[in-house]
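# Remarks on the overall topology
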Amino acid sequence: SLDNIRRHAAFTVNFLILKHHFNGLLTQSGQRVLHVDSKNYYGGNWASFSFSGLLSWIKENQQKTDTDECEDWKKLILENEEVIPISKKDKTIQHVEDFCFGDQDSAEDVEEAGALPKMPVFGAPGVEGVAQEPEKECPPVESALLEAENQEPDKAAGTEPASATEGRDADITSENESSPSTASGEPALELGKTEVAPSEISAQEPKKITYSQIVREGRRFNIDLVSKLLYARGLLIDLLIKSNVSRYAEFKNATRILAFREGKVEQVPCSRADVFNSRQLTMVEKRMLMKFLTFCLEYEQHPDEYQDYENSTFAQFLRTQKLTPSLQHFILHSIAMVSETDSSTLEGLQATKKFLQCLGRYGNTPFLFPLYGQGEIPQCFCRMCAVFGGIYCLRHSVRCLVVDKESGRCKAIVDHFGQRISANYFIVEDSYLSESVCTKVCYRQISRAVLITDQSVLNTDSEQQVSVLTVPPVDPGKPAVCVIELCSSTMTCMKDTYLVHLTCPSTKTAREDLEPVVQKLFNLNPEKEAENEEQEKPRVLWAVYFNMRDSSGVEKSSYDGLPSNVYVCSGPDSALGNDCAVKQAETIFQEMFPTEEFCPPPPNPEDIIYDEDEIVPEESGFSNSPETKPESATEESSSGDSAAVKKEDNEG
């Protein structure tokens, strides 16, 4: 706990991590890891929030102010040492604008259901023994990712995945599958099971949701700062299976791929079954599409088919393939999901092949989404880190890195208590580096929008749809906008609402980039008299726009004066998948341990035999003694998560 750490004048670990969400990979290799984060939540820009939590995050980023801090810690620096200052505030989020399309005054006195009363300051009299209620009470269960590996390999595209091995629940659900139930029979996950009959849905009008209802049901929301999906055969899925971290998460299959063409949203047939069952394609178009998709799966074996177009764009190559304009649109924007003007033929073929290879592994689309949001993934790795002895300190600021002048290596940090924490290696998230270190770095930006709406962009018989839509740019050269629409069975929004994420590389502010797309798909003026076309569109109840820094792809040499044992990790990138983050984690690990395997399969906790010499006495800095007072988030984060995981392991 943090209290125990403070009792020591110096604290030494093998690794000190400043905000990185693949930290569990180091503890699993037998390293002693301390994770320090100035925020009061896990994951940094990968985090998820309840609605009230997101409102607090918005307020924090709209009111960024410089704080005068005591600099007494400088007295701790020795003559043979120099410092690299740490940034005092997070500058990765800009241009935050939120809008409520309803009566906001009516929600002034509304309290969030299930929320705790205002907590007094930690350490104040009477605070001892008050435990914070968790955001959601859903114990993690074993994921079906592991069972899928033991089933028959590579099912034909369009076939439903086989059920999990006997005695275990499948955690991945598709449109035709019921949602999983947790180990304790938690009924919250049964939202996907209770679907209204098609005749009833068509007759029902969308329920009018007020802002006060959203506030009251705010804990039903899990709103991601970054919008991503997991490719069924992507690097992150492989990592979750190999590391056994998948046991801490549950997933839902994305149920449909959509396209926006000629002002309308329509479903894209992407699997073999979808193609032959489609009513929007003629028989000739079905044969054309299947022939081209079959070629894309084995395009390397037929170089004569595309080598004359290697210097052309993928869009130009498609025009030579005897495909109708609608098929070209589907392949370019909804299957390959590449730029019409910037992506080469090879890039388009590679993206199409990746999409097709992921079909059929867990459902009729290539994508999975974590229940409770993308922010669950960092927390899963945090749990694994805690199981193997990692320590977490949230709300724990760092003043500087301490560098030895003679060796040029970083030897310690100084925290906001004026305490030195020594380590052999330091992994620092880019947002912690000061401007003096990043003078040569040129950052990209990501435009983000999050909407709460009252109905889907494409209504069907089922309300519980997870949809992926790519909206092509109006002007050539501008980026396409990726839209992910989540239903309530993903546990990210309240019933009768949808959570919509919009993402694209920035050219202007997020609102300028994304509002034109929002106006095409949604109704922003619910109170005014609108045309019939506007009335048919989903109504936006609430929205937020913001720009997020994209620090992926920055070489370490771009940072000035960083010691060799300081490794920089980036925040989220603008891609739909997570391959960039996984590759970066593996690259950093291999640089530190070139002879060790990256993320070996972990042992079962019951198979670990401890020697007496390895047992850490209770008085050490790793103790979670009952006398410790809850003065920081360390007890809530480290001991709470590790206890939950150990309990699950014992039950398993």
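Residues numbered from 1 in each chain as written. Predicted model: local features only at pLDDT ≥ 70, side-chain atom pairs only at ≥ 80, totals over all residues. Heavy atoms only, no water.

## Re the overall build of the protein
- Counting its secondary structure elements, the protein contains 17 helices and 22 strands.
- Expressed as a percentage of its 652 residues, the buried residues of the protein come to 53%.
- Across the protein, every contact between residues at least 6 apart in sequence was considered, and the portion connecting residues at least 24 apart equals 75%.
- When the accessible surface of the protein is summed, it comes to about 30100 Å², and 47% of that surface belongs to carbon and sulfur atoms. (Helix = DSSP H or I, 4+ residues; strand = E, 2+ residues; numbered from the N terminus. Buried < 20%, exposed > 50% of the residue type's maximum accessible area, 1.4 Å probe, protein only. Contact = heavy atoms within 4.5 Å. Areas by Shrake-Rupley, 256 points an atom, 1.4 Å probe, with all protein chains shown as cover.)

## Structural notes on the packing of aromatic side chains
- Enumeration according to the criterion identifies 20 aromatic pairs in this entry.
- Centroid distance Y42 to Y392: 5.7 Å. Interplanar angle 75 degrees. Geometry classified as edge-to-face. Of this pair, Y42 sits in the loop between β2 (33–36) and β3 (48–49) while Y392 is found in strand β13 (residues 391–393), placing the two residues 350 residues apart along the sequence.
- For the pair F99 and Y545, a centre-to-centre distance of 6.0 Å together with 75 degrees between the ring planes defines the contact as edge-to-face. Of this pair, F99 sits in strand β5 (residues 93–100) while Y545 sits in strand β21 (residues 540–550), placing them 446 residues apart in sequence.
- A relative accessible area of 2% places Y545 in the buried class. (Phe/Tyr/Trp six-rings, centres within 6.5 Å; stacked < 30°, edge-to-face > 60°.)

## Section: the pattern of salt bridges
- Tallying each qualifying case throughout the model produces 21 salt bridges.
- Notably, a salt bridge pairs R511 with E515, separated by 3.3 Å at the nearest N-O pair. Taken together, the residues R511 and E515, both in helix α14 (residues 510–521) and four residues apart, mark about one turn of the helix.
- When salt bridges with common partners are traced through the structure, they connect E81, D404, K411 and R420 into a single cluster. (Salt bridge = Lys/Arg side-chain N within 4 Å of Asp/Glu carboxyl O.)

## Comments concerning the sheet that holds strand β11 (residues 264–267)
- Pairing in this open sheet of eight strands is mixed, and the strands run β5-β21-β17-β20-β19-β18-β10-β11 from one edge to the other. The two strands at the open ends of the sheet, each matched to only one other strand, are β5 and β11. On average, each strand axis in the sheet is inclined to that of its neighbour by 20 degrees, with strand direction left out of account.
- With four bridges joining them, strand β10 (residues 256–261) and strand β18 (residues 467–471) adopt parallel strand pairing. Residue A259 lies in a different strand from β18, and its bridge partner there is T470.
- Across the sheet, helix α11 (residues 325–335) touches β10, β11 and β18, and the angle it forms with β10 is around 120 degrees. (Pairing = 2+ DSSP bridges. Axes fitted to C-alpha atoms, helices over the stretch in contact; angles between N-to-C directions.)

## Thoughts on the pairing of strand β12 (residues 367–370)
- Here β12 shows two buried faces, one formed by F367 and F369 and the other by L368 and P370.
- The pairing of strand β8 (residues 230–231) with β12 spans two bridges and is classified as antiparallel. Across the sheet, Y231 pairs through a bridge with F367, a residue of β12.

## As for the nonpolar core
- Of all hydrophobic cores here, the largest spans 107 residues; its most connected members are F51, W57, F292, F314 and F367.
- Two domains share this core, each providing at least three of its residues, namely domain 1 (14–89 + 373–441 + 552–592) and domain 2 (271–358).
- Residues contacting F292, with those up to four places away along its chain left out, are F314, F317, L318, Q321, L323 and I331. (Core = buried A, V, L, I, M, F, W, Y, C linked by side-chain atoms within 4.5 Å. Domains from an automatic or database assignment.)

## Topic: helix α16 (residues 579–592)
- Taking 1.5 Å of rise per residue, the 14 residues of α16 would be expected to cover 20 Å, and the 20 Å separating its terminal C-alpha atoms lies within 8% of that figure.
- Listed in full, the buried residues belonging to α16 are D579, A581, V582, Q584, A585, I588, F589 and M592. (Expected span 1.5 Å × (residues − 1).)

## Let's talk about a negative patch on the surface
- Taken together, the side chains of D304, E305, D308 and E310 present a region of like negative charge at the surface.
- Tracing the chain through its elements places D304 in the loop between α9 (283–297) and α10 (314–319).
- Judged by its relative accessible area of 52%, D304 falls in the exposed class. (Patch = residues over 30% accessible without salt bridge, like charges linked within 9 Å, V, L, I, M, F, W, Y side chains within 5 Å. Lys, Arg positive; Asp, Glu negative; His and termini not counted. Charge placed at Lys NZ, Arg CZ, Asp CG, Glu CD.)

## Some points on unusual backbone geometry
- Of note, E262 is a non-glycine position whose phi angle comes to about 55 degrees, a positive value.
- Residue E262 is classed as exposed on the basis of its relative accessible area, which comes to 71%.
- The phi angle at M337 is positive, at roughly 55 degrees, despite the residue not being glycine.
- Among the secondary structure elements, M337 is positioned in the loop between α11 and α12 (345–358).
- For M337, a relative accessible area of 22% gives the class partly exposed.

## What to know about the environment of A351
- By the element assignment, A351 lies in helix α12.
- Judged by relative accessible area, A351 falls into the partly exposed class, the value being 21%.
- Taking the C-alpha atoms as reference, A351 lies 7.6 Å from V338; in sequence the two are 13 residues apart.

## As for the environment of E310
- For E310, the location among the structural elements is in the loop between α9 and α10.
- You can call E310 partly exposed: its relative accessible area is 37%.
- For the pair E310 and E347, spaced 37 residues apart in the sequence, the C-alpha separation amounts to 9.4 Å.
- Leaving out residues up to four positions away in the same chain, E310 has contacts with S344 and L346.

## Quick word on the state of the cysteines
- For the structure shown, the criterion picks out zero disulfides.
- C410 takes part in no disulfide bond, and the closest cysteine sulfur to it belongs to C400, at a distance of 8.7 Å. (Disulfide = S-S within 2.5 Å.)

## Some remarks on α9
- Between the first and last C-alpha of α9 there are 22 Å, a value that for 15 residues agrees with the 21 Å anticipated at 1.5 Å per step.
- Taken residue by residue, α9 has E285, K286, L289, M290, F292, L293, F295 and C296 as its buried positions.
- Of the surrounding elements, those touching the buried residues of α9 are α8 (272–277), α10, α11 and α12.

## Quick notes on the confidence of the model for the protein
- The predicted model of the protein averages 78 in pLDDT, with 70% of residues at 70 or higher.
- Contacts of residues 1–11 to residues separated by more than four positions or lying in other chains number 42 contacts, the stretch itself having pLDDT below 50. (pLDDT = per-residue confidence, 0-100.)

## Structural notes on the side chain of T470
- Here T470 shows up in strand β18.
- Assessed through its relative accessible area of 8%, T470 is described here as buried.
- Here H333 takes part through its backbone oxygen, which lies 3.1 Å from a polar atom of the side chain of T470.
- When sequence neighbours within four positions are dropped, the list of residues in contact with T470 reads L258, F260, H333, M337, A480 and V481. (Polar contact = N/O pair within 3.5 Å; in protein donor to acceptor, adjacent residues only side chain to side chain.)

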